[in-house]
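# Close look at the chain arrangement
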Amino acid sequence: MTNVTMTINGRSVSGTVEGRTLLSTFIRETAGATGTHVGCDTAQCGACTVHVNGASVKSCNMFAMEADGADVTTIEGMANADGSLGTIQQAFQDHHGLQCGFCTPGMVMTAAALLKENPTPTEGEVREYLSGNLCRCTGYHNIVKAIMAASGQDVSSIAAE
Amino acid sequence: MYAFELERPTTLADAIKALGGEEAQPLSGGQTLIPTLKQRLAMPSTLVSLTGIDELKGIKNEGGTLTIGGATCHADVAKDGSYPALSDLAGHIGDPHVRNRGTIGGSLANNDPSACYPAAALASGATIVTNNREIAADNYFTGLFETALDEGEIITAVKFPIPEKAAYVKFEQPASRFALVGVFVTKGANGVRVAVTGASEGGVFRWTEAEEALSSNFAPSALEGLSVPADGMIGDLHGTPEYRAHLVGVITKRAVMKAG
Amino acid sequence: MPADGGIGAPMKRREDVRFLTGTGRYTDDLNRPGQAYVYFLRSSVAHGKINSVNTEAAAAMPGVIRIFTGADFEGIGGLPCGWQVTDKHGQPMQEPGHPVLAQGKVRHVGDPIAAVVADTLDQARDAAEAIEADIEELPAVIDMKKALEDGAPKVHDDLTSNLCYDWGFVEENKGAVDEAFANAAHVTTLELKNQRLVANPMEPRVAIGDYDPAGDNSTLYTTSQNPHVIRLLMGAFVLGIPEHKLRVVAPDVGGGFGTKIFHYAEEAFCTFAAKQLRRPVKWTSSRSEAFMSDAHGRDHVTKIELALDADNNFTALRTETYANMGAYLSTFAPSVPTWLHGTLMAGNYKTPLIYVNVKAVFTNTVPVDAYRGAGRPEATFQLERLVDKAARELGVDPIALRRQNFITQFPYATPVAVEYDTGDYEATMAKLEEIADLSGFEARLEESKKKGKLRGLGVNCYIEACGIAPSHLVGQLGARAGLYESATVRVNATGGLVVMTGSHSHGQGHETAFPQVIAEMIGIDPSMVEIVHGDTANTPMGMGTYGSRSLAVGGSAMVRATEKIINKAKKIAAHLLEASEGDIELKDGAFSVAGTDKSVAWGDVTLAAYVPHNYPLEDIEPGLEETAFYDPNNFTYPSGAYACEVEVDPETGKVTIESFAAADDFGNIVNPMIVSGQVHGGIAQGIGQALLEGCVYDEDGQLLTGSYMDYAMPRADDVPYYAVDHSCQTPCTHNPLGVKGCGEAGAIGSPPAVVNAVVDALQRAGKTEVTHIDMPLSPSRVWAAMNQ
């Protein structure tokens, strides 16, 4: 057992972990931030996506010890300082980019990583960037639309409410 | 997962030392290894993480050779751009999150028959640099998940001569998005080289007939009438050996066209 | 006044805030004090005799609390089946036992053999590996037709064969149907498979059992679409716990798509073990475990034939289907290929004679049950593929052939036992032609040709029977439960309302849409209404959410309860206004006396109900709370027309969806934003079935698609933006909201459009021998079809 400390959404969190303890487990159980979800065990669904030192990673595919000393951001760290929804979160609500909500944290974290790299992506770039995040509810239509809107692009010509 | 110790050395020397232990195994980006561990298909006593070792990371372009540290992640290779075909390949491995963790050394050490990097290394005539020696790519890939690496030997860097022309085209398996067939072609000082991943039961291979045909005429039309035999190709629910053999021809043409 | 929050408003969803900030509470986010963890040792063989299960060494391992095997469940009920189908000879289906943990035999890969409860999950899993299970592998039956051959290995030794039932519908029509075929001018025949799918809600299943010895109360937290159904099935049939001693909580649930309807062994186990061990017991499925323990969907093999007269009128339809039940009967499995499938075979057409035969078969595979659409996608797929094939054989336009045979008069009684109340199939087809720009297809075809791609257009119609309800009808059809829905509407003293509904929201947005209905009825802001669901302790007995039923049935119950509230409130208002009750009008949140300026606000009336100082106590009770149970007298019948355009890469066989359009008639719409979202998701699942997904076993019963590495889920770059429209509205005539339900339509209507489009593309390229390709239309299959 090893002690690790990391900053999660600006808060320093320490805990004792085994070698095999996953970062997602540390976030959910030690830090109590259950917004990060685990939807598969082959690193494909992306529900567990968080940012480690600014880079998006699948937290169920990384050991907690590997994030020792790191700066971690999860969905709980994405709202504005006053608690209101951040730009991407607000766009997801405005454009109905979520239904059951389970994949949503990973989608928001992925969108944030994309828009940091590429502030005005094309539809195709958004879809390709989401290739590591599965959603079973929305058919992706409104997720893509929400991300396009969050990037400041006009989405009024995209079909439907 | 079975229980194991996880060590995070910060120098290559410490990593080598740690890997000398019984049942010790290197851990690079872990994007393949961790799912394997979750299925309890591997039982290391110690995992030695290589991603905290700065000397294994980084990309240098010197004298027409691109040297990439073994623990350099795909995203960094994708961003580099000094070997455009290689960056293009790296930028389409897995997904953005996998690319932020997965490393070139890890990929080449694992030698998954459907992985992308082996095709790049073989087609480029790359050199695999380990803590002990340098291995030409032609001698490195020895079979399915098999390489010339010895126990405890780790990839410290990969040296790619940057060719005059090169391109990689991947035809994806619909579920995993690994290569059902991926073809990397190069034309440069080493002549024309064509490496195929995803297709063969023996892992990545060079398609020598195509290389010969392209040597005299580096154009898709040079490949007309050429095909690889279906015998020895992988057959699974995503494609028969015949389909894969057919795709090798199609995708090679597309790679040549893309290389220009 | 609900200026932007009543019926028809695209209100943003209130539940989104918690999901977007990571504060949703899914079952796996819950932990009980002192909780232990269970790991299930599952069969690695498809069929085997359990000679012994030795747990001695495993039980001694660190952290192990207790190991349970099938023997621990001797004398305890098995998992019940909620639907009994009667076969064509009038005999009940064969119904095997389904023990919580395997007894005597294992019958599919994933069948639980033992359950290890330990302090940690890792300890439980470590110990499970130390269990010595001596299992003698037996020959497995995987293929349905082989399973029915004489001498085939039997999945259940105590049954006479692997045939669950042989169902004929309508048996009395069979002779007339055969005669119509004998007299047909043209007969089109198609043999096809509707492949096995895995529902794959993104949240894997979770169960936590808890027990309070002081009150002898059991609680199950579970990922369910219908907590009351689980309470009834598990309490009454498995564990013998009366409902007042059993609470089932389904908190935020991350998608269901049918697979979270059913009562599963893990739920019963955790509830049972928690009581035995006096400790909470938690199980969290991994995705790999989900692939071999969640009920699968579809898996039909069908031969379908259409008879036409010389004028291309449909004269008769005949189908023969083999439906895979898997190794056990899941909760509603028998109903899917029968009542949810046979009753839909008329589709949108006035075919006068129909006969449907379904043989349900046991195999050594995971049980198969309802998955989004459940039976109706299978019906739609066969019929709409067949009509397309018929049009091609006859050399007529496939849309024109459909139009010619459309049902145009409503209500319409089909020859397969249902009565469509409303619909306008011509309207949705015309709308589809507009939104899909079908007239521009030829130009797009030319563009594709220039790129070296084969373009195809596929169109189809669909009809579904949903709003799944009428108890009197489903009872006759073999349902062992009623299918009403309930709501309690509680008005608080200061005017706010709480609706406790038996419906369950796991992505459908009830917390937003339901208040819109009440806001409209009372004329208040929807923020004054709170929705409570998912906990049997604080909601009336309900049947839950599936079959596109929540608004049509659950919403109607809420309307009925709210009508009772309004009626009572009018009495109170009449008293306060010293007027006659008949003169009281409710508008914009105020009660007024007709023809006067006298009025009293909603909040004053509700306050009077709880502070009855000036109150007609001699006539009515204080308080303002009403419950209603609603049981409609028919299904609802959404319908529509879908179009898909594809490009096929002739060199690789890869299909890309270039466009997809859906024109639906859902009757009245409460929240068009949510409705569009439901259709989008359904279409993606339909495209997934058509092009990507397929659950595959090898001949020994090993699951070849046990993870997302081999089971291809649709991703963002597999699909385009969809054009959806629901402006064609023929309101349902028999529920108070005039709504029809929209949850399954997309998944029902979309697969044939995609396959029709691919076949069209190949036909246009001269591959006239390709009349059908079985789903999924993977690149390799399309290439093989082109090069056969």
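Please read all numbers here as calculations on a predicted model, not as lab measurements. (Residues numbered from 1 in each chain as written. Chains lettered and ligands numbered in written order. Predicted model: local features only at pLDDT ≥ 70, side-chain atom pairs only at ≥ 80, totals over all residues. Heavy atoms only, no water.)

This next bit is on the layout of surface pockets. In this model, the second largest pocket occupies a volume close to 1200 Å³. Listed by contribution, the elements that provide at least two residues to the lining of the second largest pocket are α4 (123–129) of chain A, α4 (84–90), α5 (96–101), β11 (165–172) and α10 (241–259) of chain B together with β26 (639–648), β27 (655–665) and α17 (672–692) of chain C. In terms of residue count, the dominant contributor to the lining of the second largest pocket is β11(B) (5 residues). For the lining of the second largest pocket, the per-class residue count stands at 16 nonpolar, 8 polar and 16 charged. (1 Å grid on protein atoms, 1.4 Å probe; cavity = no way out; pocket = protein on both sides within 12 Å on 5 of 7 lines; lining within 4 Å. Points joined across faces, edges and corners; volume = space filled by probe spheres on them. Helix = DSSP H or I, 4+ residues; strand = E, 2+ residues; numbered from the N terminus. Nonpolar A, V, L, I, M, F, W, Y, C, P; charged D, E, K, R; others polar.)

Let us look at the UniProt feature "domain: FAD-binding PCMH-type" (unreviewed entry) in chain B. In this structure's numbering, the residues bearing the UniProt feature "domain: FAD-binding PCMH-type" (unreviewed entry) are residues 1–165 of chain B. Taken end to end, residues 1–165 of chain B is 32% helix and 24% strand, and its two terminal C-alpha atoms sit 44 Å from one another. (UniProt positions renumbered as here; feature names shortened; annotations may be inferred.)

The next thing to look at is the interface of chain C and chain B. Put simply, an interface is often sized by how much accessible area is lost when its parts join up. Between chain C and chain B, the residue contacts involve 24 residues of the former and 21 residues of the latter. The partner of B:Arg254 in a salt bridge is C:Glu651, and the shortest N-O contact between them spans 2.7 Å. Linking chain C with chain B are 17 residue pairs in polar contact (both at pLDDT 80 or more). For the side of chain C that touches chain B, the secondary-structure elements that each account for two or more residues are α3 (121–130) and α19 (779–786) of chain C. Here the side of chain C that touches chain B takes 4 residues from α3(C), the largest share from any one element. Taken together, the residues of the side of chain C that touches chain B break down into 9 nonpolar, 4 polar and 11 charged. (Contact = heavy atoms within 4.5 Å. Salt bridge = Lys/Arg side-chain N within 4 Å of Asp/Glu carboxyl O. Polar contact = N/O pair within 3.5 Å; in protein donor to acceptor, adjacent residues only side chain to side chain.)

To continue, consider the state of the cysteines. Residue and element names in this part refer to chain C. The final tally for this structure, using the stated rule, is 0 disulfides over all chains. Of the cysteine sulfurs around cysteine 742, a residue in no disulfide, the closest is that of cysteine 466, at 8.6 Å. Cysteine 742 sits in the buried class, given a relative accessible area of 14%. (Disulfide = S-S within 2.5 Å. Buried < 20%, exposed > 50% of the residue type's maximum accessible area, 1.4 Å probe, protein only.)

This next bit is on the packing of helix α14 (residues 510–522) of chain C against helix α15 (residues 550–577) of chain C. All names here are of chain C. Across the interface, α14 lies against α15 with an axial gap of 10 Å and an inter-helix angle of 35 degrees. The handedness of the crossing between α14 and α15 is right-handed. Contacts from His510, Phe514, Val517, Ile518, Met521 and Ile522 of α14 reach α15 at Ser550, Leu551, Gly554, Gly555, Met558, Val559, Thr562, Glu563 and Ile566. (Axes fitted to C-alpha atoms, helices over the stretch in contact; angles between N-to-C directions. Left-handed = near helix turned anticlockwise from the far one by under 90°.)

Attention now moves to unusual backbone geometry. Cis peptide bonds are those with omega within 30 degrees of zero, and the linkage from C:Phe169 to C:Val170 qualifies with -5 degrees. Residue placement: C:Val170 occurs in the loop between β7 (163–169) and α5 (174–182). Cis peptide bonds are those with omega within 30 degrees of zero, and the linkage from C:Met775 to C:Pro776 qualifies with -5 degrees. Tracing the backbone shows C:Pro776 in the loop between α18 (745–764) and α19. If you check the backbone angles, B:Arg40 has positive phi at about 60 degrees while not being a glycine. The residue B:Arg40 is located in the loop between α2 (33–38) and β3 (46–49) in this model.

Another aspect to go through is empty space enclosed by the protein. All names here are of chain C. Overall, the coordinates contain 7 cavities of 30 Å³ or more when judged by the stated rule. Taken together, 24 residues form the lining of the second largest cavity, with Leu79, His98, Tyr264, Ser293 and Pro367 sitting closest to its centre. At the level of elements, α7 (265–277) and α8 (287–293) are the ones that each hand at least two residues to the lining of the second largest cavity. Counted by class, the lining of the second largest cavity contains 13 nonpolar, 7 polar and 4 charged residues. Residue contributions to the lining of the second largest cavity reach at least three from each of two domains, namely domain 2 (31–138 + 202–255 + 260–293) and domain 3 (296–469 + 634–786). (Domains from an automatic or database assignment.)

Attention shifts here to the domain arrangement of chain A. Residue and element names in this part refer to chain A. The domain boundaries assigned to chain A delineate domain 1 (2–77) and domain 2 (87–150). Each partner contributes residues to the interface: domain 1 has 17 residues there, and domain 2 has 15 residues. Each partner contributes to the roughly 1200 Å² buried at the junction of domain 1 and domain 2, and carbon and sulfur atoms together form 61% of this total. For the domain 1 face of the interface with domain 2, the top three residues by lost area are His37, His51 and Ile75, together amounting to 40%. The interface formed by domain 1 and domain 2 holds 0 salt bridges in total. (Buried area = accessible area lost by both parts, 1.4 Å probe.)

Quick look at the pattern of salt bridges now. All names here are of chain C. Counted according to the given criterion, the structure contains 72 salt bridges over all chains. A salt bridge links glutamate 289 to arginine 42; the shortest N-O distance between them is 3.1 Å. Here glutamate 289, found in helix α8, pairs with arginine 42, found in strand β1 (residues 36–42); they are 247 residues apart in sequence, far enough to count as distant. For the pair glutamate 289 and arginine 42, a shared accessibility class is recorded, and that class is buried. When the shortest N-O distance is used, the salt bridge between aspartate 294 and arginine 205 registers 2.8 Å. Of the two residues, aspartate 294 sits in the loop between α8 and β13 (296–308) while arginine 205 sits in the loop between β8 (186–198) and β9 (206–212), which places them 89 residues apart along the sequence. For arginine 205, a relative accessible area of 3% puts it in the buried group. Linked by salt bridges that have partners in common, Asp437, Arg444, Lys451, Arg455, Glu645 and Glu647 make up one network.

Attention shifts here to the domain arrangement of chain B. Looking at chain B, the domain boundaries give domain 1 (5–48), domain 2 (57–161) and domain 3 (165–259). Its C-alpha centre places domain 1 of chain B at a distance of 33 Å from the equivalent point of domain 3 of chain B.

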